[in-house]
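Examination of the molecular architecture
Here is how the chains run, residue by residue.
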Amino acid sequence: MSLTFDFQPNPAPIATTERDRMLADPGFGRVFTDHMAVVRYSEGKGWHSARIQAREPISTDPASSVLHYAQEIFEGMKAYRLPDGGIGLFRPAANARRLQLSAQRMAMPELPEEIFLESVRALVRTDKDWVPTIPDGALYLRPFVFASEVFLGVKPASEYIYAVIASSVGSYWKGGVRAISLWASQTYTRAAPGGTGAAKCGGNYAASLIALAEASRQGCDQVVFLDAAERRWVEELGGMNIFFVFDDGRLRTPPLGGTILAGITRDSLIQLARDQGLTVEEAPYSIDEWRADAESGRLVEAFACGTAAVVTPIGSVRGEGFGVAIGSGGTGQLTERLRRQLTDIQFGRTPDPHGWMERVV
């Protein structure tokens, strides 16, 4: 299924001089473009009324279902400035499919892949001048769907709004990439079997914030979650997957299995590592093993990954009664190599053997 997007240009776009000033140092998630994509859904009619319009507040009734029953899902992806001035998207079809899986879990209608793809393509083409040219700069795209039916009752909604907004971004970490410290929470968990851990929904992130605050009180940058049943097995950070690198060259990352988000960056890094002949295990790893391997030197590197932060080295992990450094406590050689290989593909600086990039401008 496809739709034709009606184009309604912003009558008062941000002036070029002001936009250039904003793009010189956009930070992350605070600079937004002139336009947004919007598509509506209603039971019996399906997806309809597709348009590119001025970015503006969305009027929502106080009884809209999303405000009471949290039927909401989203995606995160980027558009990159290529060496010849063009713009490319990284694996957009993978984001489209993951949004559909999230919709299934949250009892929401699935957005057809072609509508998703055309919405992000159209928005990037419309706001192409907002893609930064600074190092590590990109246009972060946030597609999302929420229940808009005006009804107070616990049931799947019959009306939804799908929208895509865009934000010009630089490095996720202020000051650039650096090794971060983690707090292994024994107090809070992110997801349980049968829950929404594999869906990209706002509730998962809201539930992680109190644990992130706990990590901050312990002097750590981020939280790493353990499984809900035994509080033993490493799962993921609040918004990133995790990898471990051993002294024999093997990599390990926790298996998905319903409680961990299937990261597109995670999947890409597994492929890039295997391209180099490295062994990548998708297997459980306990917090006790992590401590022992770090202390013995068997674990030489660890890193987190996701669309926003790309690849982030992990320098240390702490928990109740322990604290250990990983390797040198800084960025490991394999971590840096994988990060460079991935970003070189995304920014068009090296051949793309897997056909991950889609040129849109």
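Described in the following lines is the structure provided in the data block.

Analysis parameters
Residue positions are given per chain, counted from 1 along the sequence in the order it is written. In keeping with the predicted nature of the model, local features appear solely for residues at pLDDT of at least 70, side-chain atom pairs appear and are counted solely at 80 or more, and the whole-chain, interface and lining totals rest on all residues. Values shown for side chains rest on all heavy atoms present in the structure; no hydrogens or waters enter the calculation. Just to be clear on terms, a salt bridge is a Lys or Arg side-chain nitrogen sitting within 4 Å of an Asp or Glu carboxyl oxygen. The buried label goes to any residue with under 20% of its type's maximum accessible area, the exposed label to any with over 50%, and the partly exposed label to all in between, with areas taken from a 1.4 Å probe on protein chains only. Numbering goes from the N terminus for both helices and strands, where a helix is a DSSP run of H or I of at least four residues and a strand is a run of E of at least two. The aromatic pairing rule takes the rings of Phe, Tyr and Trp, using the six-membered ring of Trp, and pairs them if the centres are within 6.5 Å, calling planes under 30 degrees apart stacked, those over 60 edge-to-face and the rest tilted. Strand pairing is assigned whenever DSSP detects at least two bridges linking the two strands.

Evaluated as defined, the whole model comprises 19 salt bridges. In this structure, Glu230 and Arg232 form a salt bridge, with 3.8 Å as the shortest nitrogen-oxygen distance. The class of Arg232 is partly exposed, set by a relative accessible area of 37%. Where Glu336 meets Arg340, a salt bridge forms, and the shortest distance between an N and an O atom there is 3.9 Å. One end of the pair, Glu336, and the other, Arg340, are both in helix H8 (residues 333–346), four residues apart, so they sit about a helical turn from each other. Judged by relative accessible area, which is 34%, Glu336 ranks as partly exposed. Using a relative accessible area of 42% as the deciding quantity, one classes Arg340 as partly exposed. Salt bridges sharing common partners tie together Glu114, Glu118, Arg121, Arg125 and Glu358.

This part is about the packing of aromatic side chains. Inspection of the entire model under this criterion finds 14 aromatic pairs. Pairing Phe144 with Phe146 gives two aromatic rings, centres 6.3 Å apart and planes at 15°, and the pair type is stacked. Residue Phe144 shares its accessibility class with Phe146, and that shared class is buried. Counting every residue linked through ring pairs, the aromatic cluster contains Phe28, Tyr140, Tyr172 and Trp173.

In the case of a regular strand, side chains alternate between the two sheet surfaces. With six of six residues buried, strand S13 (residues 241–246) lies mostly within the body of the structure. Along S13, one buried face is formed by Asn241, Phe243 and Val245 and the opposite face, lined by Ile242, Phe244 and Phe246, is buried too. When S13 meets strand S16 (residues 299–306), the two strands line up antiparallel, connected through six bridges. The residue bridging Phe246 from the neighbouring strand is Leu299, located in S16. Where S13 lies against strand S14 (residues 251–253), two bridges are found, and the strand directions are antiparallel. Residue pairing for S14: Val245 is matched across the bridge by Leu251. Here S13 folds back onto S14, and the loop between the two strands holds four residues, one of which, Gly249, carries a positive phi near 90°.

Read these as geometric descriptors, not functional statements.
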